[in-house]
Amino acid sequence: MSEDKKDLNTARICVMVLLPTITLAFGVLPTWLAQIFKWDKKTIDGLKGKRAQSYFSLLLCFAGGVLMATVFMHLLPELENDCKEQVEIGNLPDLGEAVPWAMLFLSCGFFFVYFVEELAHSFVTWQKKGKSFKPAQPTPSIVEIEMNSGKTKYTVEDPNKTELQDGSLRIQVGCCAVQEHIILDEDEHSVMSNVRNVLTILALSCHCFFEGFAVGMEDTTAGIWYLFSAISSHKYVLSFCIGVEMLACNTKTILIYIYTGIFGLSSTFGIAGGWIIVETGSEGAEKHAAAVVLQGMAMGTILYVTFFEILQNEKSKRQNSYLQLASIIIGFVCMSLLMSLVPDDD
């Protein structure tokens, strides 16, 4: 094995270890801090306050700019060259400029992740409909109602819902009342919360898995560390935000470790998958063509994460839009400069 090959494999192994380890550390950091400094609920809620959220938003916008530069300035030119090579050796048909293969593979990855995420959202909606009852015409005003047990008066935000002694809900719609037997205990709420947490982690892990594919199929040491810095810029921030959300929802500590661990290891599995495909691709040109297709789909995943999971979500928040734009531009410029400074292993 040549020295360059050894350095390339060493870089892949280092990234496979560093990504999940640091991601896990950032994910459980809020829990560690809460235990060390004995934070109360007010302090924990402060992490979800307006000022803290504005800082997180700027960091994620910076990460969005970094990922944009990674796709358009680094990955896409490489993919276009790879596709041209595949056309020259006959693995891809030469359709001229009518079909830019690089853009086609990127778009396929984009639409694939879009479809997977829509399936996840549909499943969550189906779960919610199976566990809850929504009145057709809810009344938003606040009124006083009486409990059946003791006739104690109290104020609730939804006048259409009255809790009965058996734990079910009495739904008031207009002048008609329907008793819907939905048991509202803490165990059920905890189960549904855990289901939502698992689905969220799986959705994010799917993205990170394909991001890892891009790292595993990178053929230069400098390119691997470049992608590592790009993925880290947003993954660590997301991991910390996930940790804050789960801490605020009183998620059990062991579950926080499990969820964050899954989120961290997803990139590692993706890197391993891409690495295996590249190594086996050396045996034949057809397998190498498959690697090019998967690399393009991985790029589409990164593009989806950039525009839908990061930039769209942050833009919809009530934050300073000009500061967000500045953070995106700074991230893009910084990553572009880094790419120009890092020497090519070729």
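Residues numbered from 1 in each chain as written. Predicted model: local features only at pLDDT ≥ 70, side-chain atom pairs only at ≥ 80, totals over all residues. Heavy atoms only, no water.

Novice: Can you help me understand the overall build of the protein chain in this one?
Specialist: The secondary structure content of the protein chain amounts to nine helices and five strands. Along its sequence from the N terminus, the protein chain presents helices and strands in the succession α-α-α-α-β-β-β-β-β-α-α-α-α-α. A burial count over the protein chain gives 43% of its 346 residues as buried. Taking contacts inside the protein chain between residues at least 6 apart in sequence as the whole, the part at least 24 apart equals 72%. Total accessible area computed for the protein chain in this model is approximately 19100 Å², and 63% of it derives from carbon and sulfur atoms. (Helix = DSSP H or I, 4+ residues; strand = E, 2+ residues; numbered from the N terminus. Buried < 20%, exposed > 50% of the residue type's maximum accessible area, 1.4 Å probe, protein only. Contact = heavy atoms within 4.5 Å. Areas by Shrake-Rupley, 256 points an atom, 1.4 Å probe, with all protein chains shown as cover.)

Novice: Sorry if this is basic, but what is going on with the nonpolar core here?
Specialist: Most often, soluble globular proteins have nonpolar side chains that are buried together. Residues Val15, Leu19, Cys83, Val215, Phe263 and Met299 are the most contacted members of the largest nonpolar core, which totals 65 residues. Elements that contribute at least two residues to this core include exactly helix 1 (3-37), helix 3 (50-88), helix 4 (101-131), helix 5 (186-216), helix 6 (221-248), helix 7 (253-281), helix 8 (285-316) and helix 9 (321-341). Ranked by the residues each element gives to this core, the list is headed by helix 6, at 14 residues. Other than its neighbours up to four places away in sequence, Cys83 contacts Leu92, Trp101, Ala102, Phe105 and Val292. (Core = buried A, V, L, I, M, F, W, Y, C linked by side-chain atoms within 4.5 Å.)

Novice: Help me understand the UniProt feature "transmembrane region" (unreviewed entry) in the protein chain, please; the structure alone is not making it clear to me.
Specialist: In the numbering adopted here, UniProt assigns the feature "transmembrane region" (unreviewed entry) to residues 15-34, 55-76, 98-116, 198-217, 223-244, 256-277, 289-310 and 322-342. Measuring from the first to the last C-alpha atom of residues 15-34 gives 29 Å, for a span that is 100% helix and 0% strand. Helix makes up 100% of residues 256-277 and strand 0%. Its end C-alpha atoms lie 32 Å apart. (UniProt positions renumbered as here; feature names shortened; annotations may be inferred.)

Novice: I tried to follow helix 9 on my own but got confused; where do I start?
Specialist: An α-helical segment advances 3.6 residues per turn. Residues three or four places apart therefore align on the same side. For helix 9, built from 21 residues, the straight-helix expectation of 30 Å at 1.5 Å per residue is met to within 8% by its first-to-last C-alpha distance of 30 Å. Among all positions of helix 9, only Gln324, Ser327, Ile328, Gly331, Met335 and Ser336 are buried. Summarising the axial view, the buried residues of helix 9 lie within an arc of 160 degrees, below the 170-degree limit, and thus occupy one face. Of the exposed residues in helix 9, the ones pointing more than 90 degrees away from its buried face are Tyr322, Ser340 and Leu341. Of the residues flanking the start of helix 9, the one acting as N-cap is Asn320, its side-chain oxygen 3.1 Å from the backbone nitrogen of Tyr322. (Expected span 1.5 Å × (residues − 1). Arc of directions from axis to C-beta. Polar contact = N/O pair within 3.5 Å; in protein donor to acceptor, adjacent residues only side chain to side chain.)

Novice: Before we go on, may I ask you to explain a nonpolar patch on the surface in this structure?
Specialist: Together, Trp32, Ile36, Phe37, Leu202, Ile254, Tyr257, Ile258 and Ile262 make up an exposed nonpolar region whose accessible area comes to about 790 Å². Counting residues per element, the ones that place at least two in the nonpolar patch are helix 1 and helix 7. By residue number, the principal contributor to the nonpolar patch is helix 7, which donates four residues. A relative accessible area of 38% places Ile262 in the partly exposed class. (Patch = residues over 30% accessible without salt bridge, like charges linked within 9 Å, V, L, I, M, F, W, Y side chains within 5 Å. Salt bridge = Lys/Arg side-chain N within 4 Å of Asp/Glu carboxyl O.)

Novice: What exactly am I supposed to notice about the packing of aromatic side chains here?
Specialist: Applying the stated rule across the entire model yields twelve aromatic pairs. The interplanar angle of 65 degrees and the centroid separation of 5.4 Å between the aromatic rings of Phe110 and Tyr304 together place this pair among those described as edge-to-face. Placement of the pair is Phe110 in helix 4 and Tyr304 in helix 8, with a sequence separation of 194 residues. Through successive ring pairs, a cluster of aromatic residues spans Phe110, Phe111, Tyr114, Tyr304 and Phe308. Between Lys235 and the ring centre of Phe263, over which it is positioned, the NZ or CZ distance is 5.1 Å. (Phe/Tyr/Trp six-rings, centres within 6.5 Å; stacked < 30°, edge-to-face > 60°. Lys NZ or Arg CZ within 6 Å of the ring centre and 35° of its normal.)

Novice: How do you make sense of the packing of helix 1 against helix 6 when you look at a structure like this?
Specialist: Each packed pair of helices is defined by two parameters, the angle between the axes and the distance between the axes. For the pair helix 1 and helix 6, interaxial distance at closest approach is 8 Å and the crossing angle is 20 degrees. The orientation of helix 1 relative to helix 6 falls into the category roughly parallel. Two packed elements cross with a definite hand, and for helix 1 against helix 6 that hand is right-handed. Of the residues contributing to the contact of helix 1 with helix 6, the split by class is 19 nonpolar, seven polar and three charged. (Axes fitted to C-alpha atoms, helices over the stretch in contact; angles between N-to-C directions. Parallel < 35°, antiparallel > 145°, perpendicular 65-115°, else oblique. Left-handed = near helix turned anticlockwise from the far one by under 90°. Nonpolar A, V, L, I, M, F, W, Y, C, P; charged D, E, K, R; others polar.)

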